[in-house]
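# Topology and contacts: notes
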Amino acid sequence: QVQLQESGPGLVKPSETLSLTCTVSGGSLTDYYWSWIRQSPGRGLEWIGYVYYSGYTNYNPSLKDRVTISRDMTKNQFSLKLTSVTAADTAMYYCAREKRFYESSSYHDAFDLWGQGTMVTVS
Amino acid sequence: DIQMTQSPSSLSASVGDRVTITCRATQDITNSLAWFQQKPGQAPRSLIHAASTLHSGVPSRFSGSGSGTDFTLSISSLQPEDFATYYCQQYRSYPYTFGQGTRLDIK
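Residues numbered from 1 in each chain as written. Chains lettered and ligands numbered in written order. Predicted model: local features only at pLDDT ≥ 70, side-chain atom pairs only at ≥ 80, totals over all residues. Heavy atoms only, no water.

## Re the interface of chain A and chain B
Put simply, the rule reads: Any two residues whose heavy atoms approach within 4.5 Å are treated as being in contact. Buried area counts how much accessible surface, traced with a 1.4 Å probe, disappears from two parts once they are put together, with both parts' losses summed. The salt bridge criterion pairs a side-chain nitrogen of Lys or Arg with a carboxyl oxygen of Asp or Glu, the two atoms within 4 Å. Polar contacts, as used here, are pairs of N or O atoms within 3.5 Å; protein pairs need one atom able to donate a hydrogen and one able to accept it. Residues neighboring in sequence count only if both atoms are side-chain atoms. The helix count covers DSSP runs of H or I at least four residues long, the strand count covers runs of E at least two residues long, and both are numbered beginning at the N terminus. We call Asp, Glu, Lys and Arg charged. Ala, Val, Leu, Ile, Met, Phe, Trp, Tyr, Cys and Pro are nonpolar, and the rest, Gly among them, are polar.
At the junction of the two partners, chain A supplies 22 residues and chain B supplies 19 residues. Across the chain A/chain B interface, buried area totals approximately 1,700 Å², and carbon plus sulfur atoms make up 62% of it. It is A:Leu45, A:His108 and A:Trp114 in chain A that bury the most area against chain B; as a group they hold 33% of the surface buried on that side. Linking chain A with chain B are zero salt bridges, by the criterion used here. Put simply, chain A and chain B have nine residue pairs in polar contact (both at pLDDT 80 or more) between them. Elements with a minimum of two residues in the side of chain A that touches chain B: β4 (33-40), β5 (44-52), β9 (91-103) and β10 (106-114) of chain A. At seven residues, the largest contribution of residues to the side of chain A that touches chain B is made by β10(A). Of the residues belonging to the side of chain A that touches chain B, the class tally is eleven nonpolar, six polar and five charged.

As structure tokens, then:
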């Protein structure tokens with residue numbers, strides 16, 4: 001059974017860099033997209049971006065200048081770095097897997113697994 | 001960005017009721033829509049993708065429908081464990097975007 005687990009500091013100072021890691025257990029990074037998503041009362045659920053197992057990345061334009069998502073195939077982990085944080089970056093951060101589902105003649109890449117989340121406060 | 005709007009924002013119902021939640025996109029997303037359930041203190045749980053396909057293990061009392069811009073999530077006979085907040089999400093184009101959520105609580 002594949003499980004995702006976020007880890008990292010729960011408190012980050014303004015202007016510093018938020019760094020989180022998601023460890024994938026019971027499965028491999030291969031063939032999937034791996035996303036970071038955050039949730040806060042003010043912004044709701046917000047997709048931050050993903051890294052494909054090949055290393056290809058795609059980011060939300062609203063965060064693109066500050067975000068880096070990378071993966072480490074040897075450790076079965078992927079990571080998030082968000083620079084120059086402010087109080088607006090305070091949120092619960094989730095990692096999630098995107099799986100390709102085949103539907104007749106098409107396919108859908110949709111989230112199927114989520115980590116339990118880690119709360120990050122910027123203060 | 002595609003905006004997703006859910007209605008109602010909150011809903012009260014009783015065990016055994018049938019409920020329907022609506023999600024509307026600001027542009028055509030074909031059937032690239034997912035639904036999630038979230039309980040307090042827990043991560044979202046994936047319920048449906050492709051607007052109507054249930055994820056493995058999701059009870060058949062859940063169903064989804066729609067295409068284009070208008071979608072619905074229905075629960076045919078509410079069980080105590082179904083009281084939660086539900087979110088829709090489009091994955092037709094980047095950035096992925098979510099609805100604001102519909103809170104379903106016990107009447």
